[in-house]
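# Structural description and commentary
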Number of protein chains: 4
Amino acid sequence: MAAAGKATRPPIKVAVLGGSGYIGGEALRLLLGHPYVQVGAVTSAAHAGQPVTSIHPHLNKLTELTFVADVEPEEAGEYDAIFLALPHGGAMQHVPTMLTAAQSGGPQGNGPILIDLSGDFRIKDAALFQRYYGLEHSAPQLASAAAYGLTEWNREAIKEARLVASPGCFPTGALLALTPLARAGLLDGPVIVDSKTGSSGSGKEPGEGTHHPTRANDFRAYGLFTHRHQPEIAQELAKWLPAQKAAPTVTFTPHSAPMVRGIFTTAYAFPERKVSAGELRDIYEEAYATEFFVRLVDAPRVAVVAHSNFCDLSVATDGEGTIIATSAIDNLVKGGAGQAVQNLNVVFGWPETLGLTFPGTMP
Amino acid sequence: MAAAGKATRPPIKVAVLGGSGYIGGEALRLLLGHPYVQVGAVTSAAHAGQPVTSIHPHLNKLTELTFVADVEPEEAGEYDAIFLALPHGGAMQHVPTMLTAAQSGGPQGNGPILIDLSGDFRIKDAALFQRYYGLEHSAPQLASAAAYGLTEWNREAIKEARLVASPGCFPTGALLALTPLARAGLLDGPVIVDSKTGSSGSGKEPGEGTHHPTRANDFRAYGLFTHRHQPEIAQELAKWLPAQKAAPTVTFTPHSAPMVRGIFTTAYAFPERKVSAGELRDIYEEAYATEFFVRLVDAPRVAVVAHSNFCDLSVATDGEGTIIATSAIDNLVKGGAGQAVQNLNVVFGWPETLGLTFPGTMP
Amino acid sequence: MAAAGKATRPPIKVAVLGGSGYIGGEALRLLLGHPYVQVGAVTSAAHAGQPVTSIHPHLNKLTELTFVADVEPEEAGEYDAIFLALPHGGAMQHVPTMLTAAQSGGPQGNGPILIDLSGDFRIKDAALFQRYYGLEHSAPQLASAAAYGLTEWNREAIKEARLVASPGCFPTGALLALTPLARAGLLDGPVIVDSKTGSSGSGKEPGEGTHHPTRANDFRAYGLFTHRHQPEIAQELAKWLPAQKAAPTVTFTPHSAPMVRGIFTTAYAFPERKVSAGELRDIYEEAYATEFFVRLVDAPRVAVVAHSNFCDLSVATDGEGTIIATSAIDNLVKGGAGQAVQNLNVVFGWPETLGLTFPGTMP
Amino acid sequence: MAAAGKATRPPIKVAVLGGSGYIGGEALRLLLGHPYVQVGAVTSAAHAGQPVTSIHPHLNKLTELTFVADVEPEEAGEYDAIFLALPHGGAMQHVPTMLTAAQSGGPQGNGPILIDLSGDFRIKDAALFQRYYGLEHSAPQLASAAAYGLTEWNREAIKEARLVASPGCFPTGALLALTPLARAGLLDGPVIVDSKTGSSGSGKEPGEGTHHPTRANDFRAYGLFTHRHQPEIAQELAKWLPAQKAAPTVTFTPHSAPMVRGIFTTAYAFPERKVSAGELRDIYEEAYATEFFVRLVDAPRVAVVAHSNFCDLSVATDGEGTIIATSAIDNLVKGGAGQAVQNLNVVFGWPETLGLTFPGTMP
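Note that this is a predicted model, so its numbers are computed, not measured. (Residues numbered from 1 in each chain as written. Chains lettered and ligands numbered in written order. Predicted model: local features only at pLDDT ≥ 70, side-chain atom pairs only at ≥ 80, totals over all residues. Heavy atoms only, no water.)

## Considering the state of the cysteines
Residue and element names in this part refer to chain C. The line we're drawing: By disulfide we mean two sulfur atoms from cysteines, separated by a distance within 2.5 Å. Remark: exposure states derive from per-residue accessible area (1.4 Å probe, protein chains only) relative to the maximum for the residue type, with buried under 20%, exposed over 50%, and partly exposed in between.
All chains considered together, the criterion is met by zero disulfides over all chains. Considering cysteine sulfurs only, cysteine 169 is the nearest to cysteine 311, which forms no disulfide, with 13 Å between them. Residue classification places cysteine 311 among the buried residues on the basis of a relative accessible area of 0%.

As structure tokens, this is what we get:
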């Protein structure tokens, strides 16, 4: 018995580079269920020749694909879109040649859309990239040109992009929570982003930090003042600051929580001007009134958004100058592969929710 | 922005009775995503008048429905199918009058299909029902007439049914694991079903057994020799025994595991005739060759099937007369609402996988 | 075979009031293992007449005690110390009459030491107490007189106390992290206490927030700007501020993490004066040099301190005016019953670590 | 401030070989808290020269020891007891030379007691050892001579032993559950041991099976018919069978449960003779009447025994020939280091509970 329910429209052809990890696996899972997409290739250097389901057993019966070692630049034109889920540093090797070599595929027929899920093209400042990623950037001009893929706040640029830099998981939660404040000129004091992530954010490779016996009942902070998502958050917030405002110091503290999926962000701002709860609510409602995937709620919860592309948001104030904005996302979906598919939909001019309307699976 | 991707076919209209619990919520979630279904009503006596999303916040943006107190028998004909997710004893109050009163709706236009997710119509023997459920059955003839909704093994009867008794979560895992052995005459010794369930099987109401501080790191057995799923397993296995074989004693031991979703079943059989691993494999491959939702694998895992309608199965033997069949399902999907939707598809003659092809979400 | 290892010294006699909850149970567990203590009575209105082990099965073989309904004021003198683990509002009913009625017991023979584990005597300002606890205080003068039981910072007052108000779990973690900064005059900007707690902090009664199916994979904030531990933290920090400094605004945000034991606190300070990492380290090393239960470490982890009376602490700065102090404790031990026993040791002049030197149980 | 509460008796000196793993760490933790023991050396080839607390941070403040590379055979006599927590195959290299070389230390002054926590000396049949462990045994005569360290059932032999082979974690739970049935002649049908373990049983090295993202919500079986604890269980049960009874086939199925600590065992027996629940209870009460660490309870739970040396046990029957015995232990304590310390107490003639009377830490 075959799976049913796919649309009859001729699908676009998509490749996933680096398909054996968690983000690549999620991209694959979502693309397999997307009504307008056919997955043409999934790469894995380590697992070339093996069935995709040997690494992603949950996809058994849903795909017969076998990992291939790589998609060569000259083959790139066979695809309309290419998702890159390679380790940091991998995308910057592939992207320039693919952009040059491919003359077919894609929405305009002049080459595939590249959607990069790594950190390679997120940071516009090459020196900052090198400092935080420990790598010299080999294509800094492409980093500058790439559209930052936070769909809700960069939709127009994404529509026109050949290269989309999908945001990091922490920045997605932080920026959806804080951008309305930045636009409203309310980030003129210290800004704190205190985030808590599930273990899937550490990826597929077992390590000390994700060893079940010590992770399961643990909680800890890490990367104080040094995490590479800090400059990404600061860069994107700065875009929205009123002209006269200096960029705030953004302190970002990630924590390891003993769950698998999800990021919860508690963001604090101390604007010079006191705002009321009512004004804050108006700011957020105006910001997200037409957004399907952002839901303003009383109290965001990771369990409510897990496995979905939704971001639940809340904002509160004591009325004395302290604002707390909280958000919950699934780190691999809205904070990863789901948002990448959302961007695919934007680039191809499809309804933005296509293939992404599944809710979380609470409990 | 509205959700996209629904088919343009005129949908059938479905009601969910008892929609505030976990099984009702899962039915609602799956039906909202089903391309041929429109959910017309969701009932909850306790929450009538409240938005469905006040209880199921993960469905926020996906439904505007409000709970209604009940669907009256005379209204039943407005629906093509009614899912009953009421507490045990509730369905037997609703079903007889609905079947009598409704003259419209349903695939033949003579009344809706009733798909009951409770235990009310699973046990054919009224005395046995009373012993295990502590209730006198008010419609024993309907229990006899209801089609037992284990789709893979009762598809023909389900096709013709007005009333489908969806299986219990434990029996689904146990019967998919053991029915091939029953048919092959290999259940002529003691049969043990040792099952391990996640906490969502206990439902939405907080209680001692699902209190996080003591459940999270706990493991325990319960209901030894007395669980109500034992007679259900025994009844359904007995259907398949070769004529000359006596019904085996089935010992069923459920356990509480510290996970949320899933049931893992380890079933042991000691047939008089020794069978080889190869013969066993052939028996299972023949049994499930054309089944989409049953996957024969090396080692079933709950994490692989969680949130999906798949059942992963394995069988092994020491060659000395001991057979171990193991299975993994999601208790709320294949062991609950997913299988109910699968039956809906069967009754309406649609592809059986419609609305159910989503994989698990590993990790 | 009997348990071995108790000292031969004549023990003091202790009663535990409210011994059926988690904090009472932990107090009982620790007192049963204390070499100089004999537990004379454990009360529970709901479980009077039942063996203590019917509620605390882990204590089976370690005590033969049966719950009694109450210890009457006139009986208080039979005990040298009384631990009160009653719901908020309960201690203030018992304490005044016990202090008046009891003329014997205790280290001076003039009445037992009362160690209260509730919030009744922590807040010195009766109006503030009423605002946060929703109760009028019936013995405000005793709240003023009670020694606040944060042992490391109030040891001298505890030594002389008849009534010790054991700190709340969140304040313990927050105050151990922040008091050195307060003393150093570094809390003159906004202060944020972002805390993450395990589910055992919610107590023994099952409820929505501790229902395993939704707690196990969840993360959420609660009580923004309104939690009753906020005034407790602010009150105790204010004691240490240099004379000329105004009390800072302390923002306290508790979160529910999907673990059972432990509190992780991330505290942020923005002093006017920039301090170096080296100066900060000196401040903390000086503060805790002689403290057994406070360990300065690189990165505190809940798993390392769980089930122990230790508090692991760390402090960091970006050198640009932001300080982050993090701490990890077990909420029921250092944040509850363990610290209460530590105070018992102080009051009786015993080595402070007596009965408390067990480490955590990692993994 | 120093830790208090140690006895004033001159302690024996103990070394722990292989002290960086979980079992070695637990042995160290328990020995540090033992009133008659001084830990003299802890070895780790990989971590020689590092403080023990760099690997076991929970022991910070409780020991100043530094790992040494090894204890040479000629140094063995400096210790009264040596715990070997080496990988399988390691103990058999050390033990023979240590037994020969050491002429001092130990209870009789003729060499230290060796307590081996690996599988090296558990299996008496060298061929069976080789088959299950994949190693040729280099000291099979010592395996024959070693006392099997299941204290409750082998106390007399342990008292006289120079070498104690501490049982495996699964066998401890299985044998405490089944030995009373073996002695009563009730294991003359198939015997099934269905066990569920926490992740700490897999040890300290991260791997696929203990990777938090997939372990946390998973459940699976492994090692069907091939696990090395099967022959250990069968060997020890066979000791107790009535003379005329043939050894039963013992089927052992381990499962990975998503918890950290603990093993729950569900054991099934089908004796030829039907026994009543009352007779069964008598059999177990007689077996364990004087045992401190074995508690007969209604329903064993892992959470109740976790972090303790207790084994909670229950037995039930349908009265029709099926018996279910269930047990719960902590795999690292009663199933590992705790039982090893219990054996130390036996060998040295101390109260058997010394240093082991701490209860579990529920919640």
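Here the narrative resumes, following the displayed structure.
## Digging into the interface of chain A and chain B
Applicable threshold: Between two residues, a contact is recorded if the distance between any of their heavy atoms is within 4.5 Å. Throughout, buried area stands for the accessible area (probe radius 1.4 Å) lost by two parts on being put together, summed over both. Each salt bridge in this description consists of a side-chain nitrogen of Lys or Arg and a carboxyl oxygen of Asp or Glu lying within 4 Å of one another. Between N or O atoms, a polar contact is any pair within 3.5 Å; within protein, one atom must be a potential hydrogen donor and the other a potential acceptor, and residues adjacent in sequence are included only when both atoms are from side chains. We count a stretch as a helix when DSSP gives it H or I for four or more residues in a row; a strand needs E for two or more, and each element gets its number in order from the N terminus. Each residue is assigned to one of three groups, with Ala, Val, Leu, Ile, Met, Phe, Trp, Tyr, Cys and Pro labelled nonpolar, Asp, Glu, Lys and Arg labelled charged, and all others, Gly among them, labelled polar.
Listed as interface residues are 41 residues of chain A and, on the opposing side, 41 residues of chain B. Here chain A packs against chain B, burying approximately 3,300 Å² in sum over the two surfaces, 65% of which is carbon and sulfur. If you look at where chain A meets chain B, you find zero salt bridges. Here chain A is connected to chain B by 18 residue pairs in polar contact (both at pLDDT 80 or more). Put simply, the parts of the chain that give the side of chain A that touches chain B at least two residues each are helix H1 (22-32) and strand S11 (294-296) of chain A. Counting residues per element, the side of chain A that touches chain B draws most heavily on H1 of chain A, at three residues. Of the residues assigned to the side of chain A that touches chain B, the class counts are 22 nonpolar, 11 polar and eight charged.

## Quick word on the packing of aromatic side chains
Note the cut-off: Pairs were defined over the aromatic rings of Phe, Tyr and Trp, the Trp ring being its six-membered one, requiring ring centres within 6.5 Å. Orientation was assigned from the angle between planes: stacked under 30 degrees, edge-to-face over 60, tilted for the rest.
For the structure shown, the criterion picks out 44 aromatic pairs over all chains. Each ring, one from phenylalanine 219 of chain A and one from phenylalanine 264 of chain C, has its centre 5.6 Å from the other, and the planes form 45 degrees; the classification is tilted. Placement of phenylalanine 219 of chain A in the loop between helix H8 (212-215) and strand S8 (220-221) and of phenylalanine 264 of chain C in strand S10 (residues 263-269) is noted, with the two residues assigned to different chains. Pairing tryptophan 153 of chain C with tryptophan 240 of chain C gives two aromatic rings, centres 5.1 Å apart and planes at 65 degrees, and the pair type is edge-to-face. Residue tryptophan 153 of chain C is found in helix H6 (residues 151-159), and its partner tryptophan 240 of chain C is found in the loop between helix H9 (229-238) and strand S9 (250-256); the two are separated by 87 residues along the sequence. The exposure class assigned to tryptophan 153 of chain C is buried, which follows from its relative accessible area of 12%. The rings of Phe219 and Phe264 of chain A together with Phe219 and Phe264 of chain C are connected pair by pair, giving a single aromatic cluster.

## A few points about the interface of chain D and chain B
Size of an interface, as often reported, equals the accessible area lost when the parts are brought together. Taken together, the contacts link 35 residues of chain D with 35 residues of chain B. When the two sides are added together, the surface that chain D and chain B hide from each other amounts to roughly 3,200 Å², 69% of it contributed by carbon and sulfur. For the chain D face of the interface with chain B, the top three residues by lost area are Phe219, Phe225 and Arg301 of chain D, together amounting to 20%. At the junction of chain D with chain B, the criterion picks out six salt bridges. With a shortest N-O distance of 2.6 Å, aspartate 218 of chain D and arginine 301 of chain B are connected by a salt bridge. Taken together, the links from chain D to chain B amount to 20 residue pairs in polar contact (both at pLDDT 80 or more). Split into classes, the residues belonging to the side of chain D that touches chain B amount to 20 nonpolar, eight polar and seven charged.

## Points about the side chain of serine 327 of chain D
Residue and element names in this part refer to chain D. Tracing the chain through its elements places serine 327 in strand S13 (residues 323-329). Relative accessible area serves as the criterion here: at 1%, serine 327 is assigned to the buried category. In this structure the side chain of serine 327 is engaged in a polar contact, spanning 2.9 Å, whose partner is the backbone oxygen of glycine 173. When neighbours within four sequence positions are excluded, serine 327 is seen to be in contact with Gly173, Ala177, Ile263, Phe264, Thr265, Pro300, Cys311, Asp312 and Leu313.

## Thoughts on the relation of the copies chain D and chain B
In plain terms, the rule: When the copies are superposed, the least-squares fit draws on C-alpha atoms of residues that have pLDDT of at least 70 in both.
When chain D is fitted to chain B, the best match, at an RMSD of 0.0 Å, comes from turning it 180 degrees and sliding it 0.0 Å along the axis. Such a combination of turn and shift is consistent with a two-fold rotation axis. Taking C-alpha positions as reference, the residue of chain D nearest the rotation axis is proline 258 of chain D, located at 3.1 Å. The residues that chain D uses at the interface reappear at the interface of chain B in 100% of cases, marking a shared surface.

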